[in-house]
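# Geometric and topological summary
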Amino acid sequence: MIIRTTTVRTAKTMMHGGHDLGAADKKRVLAAAVLTGGFMVAEVIGGLLTGSLALLADAGHMLTDAIALGLAWYAFHLGERPANGRHTYGYGRVKTLVAYTNGLAIFLVALWICYEAWRRFQAPLPVLGGPMLVVAALGLAVNVAGFVILHGGDRGSLNMRGALLHVLGDILGSLAAIVAALVILATGWTPIDPILSVLVAVLILSTAWNLMRAAAHVLLEGTPAGLDRDAIVNDLQDNVPGVREVHHVHLWSIDGARNMATLHASLKDGVDAHVAVDAIKSRLRAGHDISHATVEIEFDRRAEDGRPREAVRGVSPQPRHLH
């Protein structure tokens, strides 16, 4: 008979100790969204009046950022909801979905900037360097303020990383617009405007790709960074008394921050199942930062020829909770 011991906790309990940090991040993202969305209108007007692609590109960044930051705020809002019968892990993964969406949005905007820069090379347009410099400098101040607000948040959160990436792209865009304006004022050479716009686009493309890849890894329930399945198996077999073999190990994360695991543990004859389960979970928590685990206990001896195991009967531990 196989003894199954599961740990079930609500998402609200799983986030205990990080709730205050999540609430602070929520406020930070909302403040950054208001700043970004407010100045985006000014940059659009400035880009149209001056004819600067760099300003319009930065305004495009800020438009997507305002939307993305709003989505990030809503993701934090949903993440505060407790688990229920339909969503037994709660809504923590919404933040990962938003992070992936943010990365995709940045990727598309960067491609649009490259396309528009190519058009500008084909048919150059006049650029007003003076007004462009003023608007770009104001934009830089707003973007730096947004970055400072977000930088104090939890950078281990994919949702916050996505928000920071958006604002960092805006800072680079504003810097590019300032440099382009100075070059135009000094030399009158307008091709610098699309050139620097493409440079910024290329810089943020790689970062956006890394964010999308990290979010997709979480969504596909890949092994969290820093965890080695084989090393964990060996550690449990070598250091938890009474454990003969550990197998069927699965490691994943709900939101990129909270690590989880399921595994089968075959115990030696006479070992107390309750004690072994507690020891395994303690080892996972303390040694591998795995806060939530489901452990299935087996008492048997695997036959050399692979025949079915003979299980010890009459032992049925109650479900346990990992705190």
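Now for a look at the structure at hand. Within each chain, residues carry numbers counting from 1 in the order of the written sequence. The predicted origin of the model limits local features to residues at a pLDDT of at least 70 and limits the giving and counting of side-chain atom pairs to 80 or more, whereas totals for whole chains, interfaces and linings rest on all residues. Only hydrogens and water are set aside when side-chain values are computed; all heavy atoms of the structure are taken into account.

## Re unusual backbone geometry
- Residue Glu221 is not a glycine yet carries a positive backbone phi of 60 degrees.
- The secondary structure listing takes helices from DSSP runs of H or I that are at least 4 residues long and strands from runs of E that are at least 2 residues long, numbered from the N terminus. For Glu221, the position within the fold is in the loop between helix 7 (192–219) and helix 8 (229–239).
- Even without a glycine there, the phi angle at His248 is positive, about 50 degrees.
- When you line up the elements, His248 lands in strand 2 (residues 243–253).

## Structural notes on the pairing of strand 4 (residues 290–299)
- Only protein chains enter the calculation, and the probe is 1.4 Å; a residue is then buried if its accessible area is under 20% of its type maximum, exposed if over 50%, and partly exposed in between. When you tally the buried positions in strand 4, you get eight out of ten residues, the bulk of the element.
- For strand 3 (residues 259–267) and strand 4, the ladder comprises nine bridges, and the chain directions are parallel. Of the residues in strand 4, the one forming a bridge with Ala261 is Ala293.
- Note that the unit made of strand 3, helix 9 (residues 273–288) and strand 4 has a crossover that is right-handed. Two strands are counted as paired when DSSP detects at least two bridges linking them. Consider the strands pointing away from the viewer: the crossover is right-handed when the path from the first strand over the helix to the second runs clockwise.

## With respect to the pairing of strand 3
- Most of strand 3 is tucked away, with eight of its nine residues classed as buried.
- Where strand 2 meets strand 3, eight bridges bridge the pair, whose relative direction is antiparallel. Paired with Val243 across the strands is Leu267, a residue of strand 3.
- Linking strand 2 back to strand 3 in an antiparallel pair, the connection comprises five residues, with Gly256 at a positive phi of about 85 degrees.

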